[in-house]
Amino acid sequence: MESKKLKAKDLINVGIYTAIYIVIFFVVGMLNAIPVLYPFLYILIPLISGIPFMLFLTKTDKFGMVTIMSIICGVFWFLMGYTWTAIVGYVVFGIIADLVLRAGKYKSFKIDVIGFWLFSCGMIGCQAPMWVMADTYMAGIEQSMGAQYASELARYMPSWMGIAAIAIIFVGALLGSLLGHKMLKKHFERAGIV
Amino acid sequence: MEKYEAYQPPKRKGFYLDPRTKILFMAFVTTLMFFVYENLAMDAVVAIIPLTLLLINRQVRTALIYGGLFALALVAKLTQGMYVLPDILNMISVLLIAMVIRLFPIFMLGYYIIESTKTDEFVAAMEKWHIPEAFIIPISVVFRFIPTLGEESAAITDAMRMRGIQFGTKKFWQAPTAILEYRIIPLMMSVVKIGDELSAAALTRGLGGLKHRTTIANIGFTFYDAIIAILSAALLIWALL
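Residues numbered from 1 in each chain as written. Chains lettered and ligands numbered in written order. Predicted model: local features only at pLDDT ≥ 70, side-chain atom pairs only at ≥ 80, totals over all residues. Heavy atoms only, no water.

Engineer: Could you give me a rundown of the nonpolar core, with the residues and numbers involved?
Structural biologist: One finds Tyr17(A), Tyr42(A), Trp77(A), Tyr90(A), Leu153(A) and Phe145(B) to be the most contacted residues of the largest nonpolar core, which totals 121 residues. Looking at which domains feed residues into this core, each of domain 1 (16-117 + 218-241) and domain 2 (119-216) of chain B supplies at least three. When residues no more than four places from it in sequence are discounted, the contact partners of Phe145(B) are Ile16(A), Ala19(A), Val191(B), Ile194(B) and Leu198(B). Core analysis: the next-biggest nonpolar cluster, separate from the first, contains five residues, Tyr16(B), Ala124(B), Ala125(B) and Ile219(B) among them. (Core = buried A, V, L, I, M, F, W, Y, C linked by side-chain atoms within 4.5 Å. Buried < 20%, exposed > 50% of the residue type's maximum accessible area, 1.4 Å probe, protein only. Domains from an automatic or database assignment. Contact = heavy atoms within 4.5 Å.)

Here it is as structure tokens:
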């Protein structure tokens, strides 16, 4: 058994996969310019980020890597203007996800799916200002994006969406991890990377 | 016996900001932009600061593109009441303008920070904040990696274009989901390889050793950091008034 302490190589891996996750989130997140597509983010982001995340889990065998990844994501989104709820969302869900993943020793596929689901739930924190600080947020959106966008946003993203998102993300995470798993088998194992 | 002095990095000349100033200023600006929304003049001022920073850092092309688009959006916003567009077109234009005005200042600042901060300076600054190494290493890798991802992705785009795999071609419409596979898998492959090389390079430079590592990066607050602090204070007072 190797030591439980994180080594430099682990930390670099965390950095790399965090970078990929952030870029995917950022590119796909651009879709929120169209309010109708907003709920679909909850499927699309886990779906696409499933491939890197599954690959990341093959490199993970110690507690803390997923936690660090989610804390960095949270701080990053805070700096990009998603306010403190992004940090709270990512940190809380990240730690829970890490605990769950550790129970499966980062190798059981079923537990990986649940862990990935919980990790992805962190992104609810990015949309949470919409509900937690509804007045400030909606007033700001109405002022800058126009009344039309604000009313449509309120229509497609009512406050119960914050709860429903957990279920929607589960679908996304399931599809994403299945896709990721398939890709690992199809490409990476054959190439000898995993 | 002759004594050799330890290597000293050359003294910095000209404009320079401490990495800590950059990060704090970024947090300040984004928070400000979230809570202040009806002040167009302030948006413009907030945009001018990163624009100036970009120009000082000689990123003229980036500055021109972002600054030009921002100015265009500002003009469009000011003249919005003067003409009537069809409904759907109006919505798109309002959205585009709003996105540019709200997000571009933050993009510009982020771009400036990533381009102007050297990794060793960043690490040294984080160590002064006593952030544990378990966070410093991944964060600096993220910083270093985001531009690399862009380059790799551009290379893959070129390679895919040669085979007619890109958005909108006939091949694309035959299998739209395949594009995800064709783009992400090669990217992941090269990322894994780069990651291994990066780890090896970092280990040979003593990362992960038992001794505390020293740094020759010469950081510290200067006169220029004070300027940014005064600017932030002025913006804060303006926002509160």
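What follows continues from the structure just given.
Engineer: I'd like a rundown of the pattern of salt bridges, residues and numbers included.
Structural biologist: Applying the stated criterion to the full structure yields five salt bridges over all chains. The shortest N-O distance in the salt bridge between Lys62(A) and Asp61(A) comes to 3.9 Å. Residues Asp18(B) and Arg20(B) are paired through a salt bridge, measuring 2.9 Å at the closest nitrogen-oxygen approach. On the basis of relative accessible area, Asp18(B) is assigned to the buried category, the value being 0%. Accessibility expressed as a relative area gives 8% for Arg20(B), which makes it buried. (Salt bridge = Lys/Arg side-chain N within 4 Å of Asp/Glu carboxyl O.)

Engineer: Can you explain the confidence of the model for chain B? Please cite residues and give values.
Structural biologist: In this model, chain B carries a mean pLDDT of 82, and residues with pLDDT of at least 70 account for 91%. Looking across chain B, the model is least confident in helix H7 (residues 170-174) of chain B, with a mean pLDDT of 71, and most confident in helix H9 (residues 223-240) of chain B, with 88. (pLDDT = per-residue confidence, 0-100. Helix = DSSP H or I, 4+ residues; strand = E, 2+ residues; numbered from the N terminus.)

Engineer: So what's going on with the interface of chain B and chain A? Which residues, and what values?
Structural biologist: Between chain B and chain A, the contact holds 45 residues from the first and 50 residues from the second. Taken over both partners, the interface formed by chain B and chain A buries close to 4200 Å², and the fraction arising from carbon and sulfur atoms is 83%. Along the contact surface separating chain B from chain A lie one salt bridge. With its nearest N and O atoms 3.3 Å apart, the salt bridge here joins Asp196(B) to Lys9(A). Linking chain B with chain A are two residue pairs in polar contact (both at pLDDT 80 or more). Of all the elements in the fold, those that place two or more residues in the side of chain B that touches chain A are helix H1 (19-35), helix H4 (87-116), helix H6 (133-162) and helix H8 (178-204) of chain B. Take the side of chain B that touches chain A: its biggest share by element is 14 residues, from H8(B). Among the residues forming the side of chain B that touches chain A, the class breakdown is 34 nonpolar, five polar and six charged. (Buried area = accessible area lost by both parts, 1.4 Å probe. Polar contact = N/O pair within 3.5 Å; in protein donor to acceptor, adjacent residues only side chain to side chain. Nonpolar A, V, L, I, M, F, W, Y, C, P; charged D, E, K, R; others polar.)

Engineer: I'd like to hear about the packing of aromatic side chains, residue by residue, with values.
Structural biologist: Counted according to the given criterion, the structure contains 18 aromatic pairs over all chains. A cation sits over an aromatic face here: Arg102(A) above Phe63(A), 4.9 Å from the ring centre. (Phe/Tyr/Trp six-rings, centres within 6.5 Å; stacked < 30°, edge-to-face > 60°. Lys NZ or Arg CZ within 6 Å of the ring centre and 35° of its normal.)

Engineer: Can you explain helix H5 (residues 119-128) of chain B? Please cite residues and give values.
Structural biologist: Residue and element names in this part refer to chain B. All of the buried residues in H5 are Glu121, Phe122, Val123, Ala124, Ala125 and Met126. Looking at the buried side of H5, the elements it contacts are H1 and H6. Remark: His130 follows H5 within two positions and exhibits a positive phi of approximately 60°.

Engineer: Please provide a residue-by-residue account of the state of the cysteines, values included.
Structural biologist: Applying the stated criterion across every chain, the model contains zero disulfides over all chains. Take Cys126(A): it sits in no disulfide, and the sulfur closest to it among the cysteines is that of Cys73(A), at 8.7 Å. (Disulfide = S-S within 2.5 Å.)

Engineer: Quick one: what's the story with the side chain of Asp10(A), residue by residue and with numbers?
Structural biologist: Residue and element names in this part refer to chain A. Relative to the elements of secondary structure, Asp10 occurs in helix H1 (residues 8-29). A distance of 2.7 Å separates polar atoms of two side chains, one belonging to Asp10 and the other to Lys62. Ignoring sequence-local partners within four residues, the contact set of Asp10 consists of Lys5, Lys62 and Met65.

Engineer: Pulling in residues and values, what's your account of the environment of His187(A)?
Structural biologist: The topology assignment puts His187(A) in helix H9 (residues 161-191). For His187(A), a relative accessible area of 18% puts it in the buried group. Once you skip the residues sitting within four places of it in the chain, His187(A) turns out to touch Glu181(B), Ile185(B) and Met189(B).

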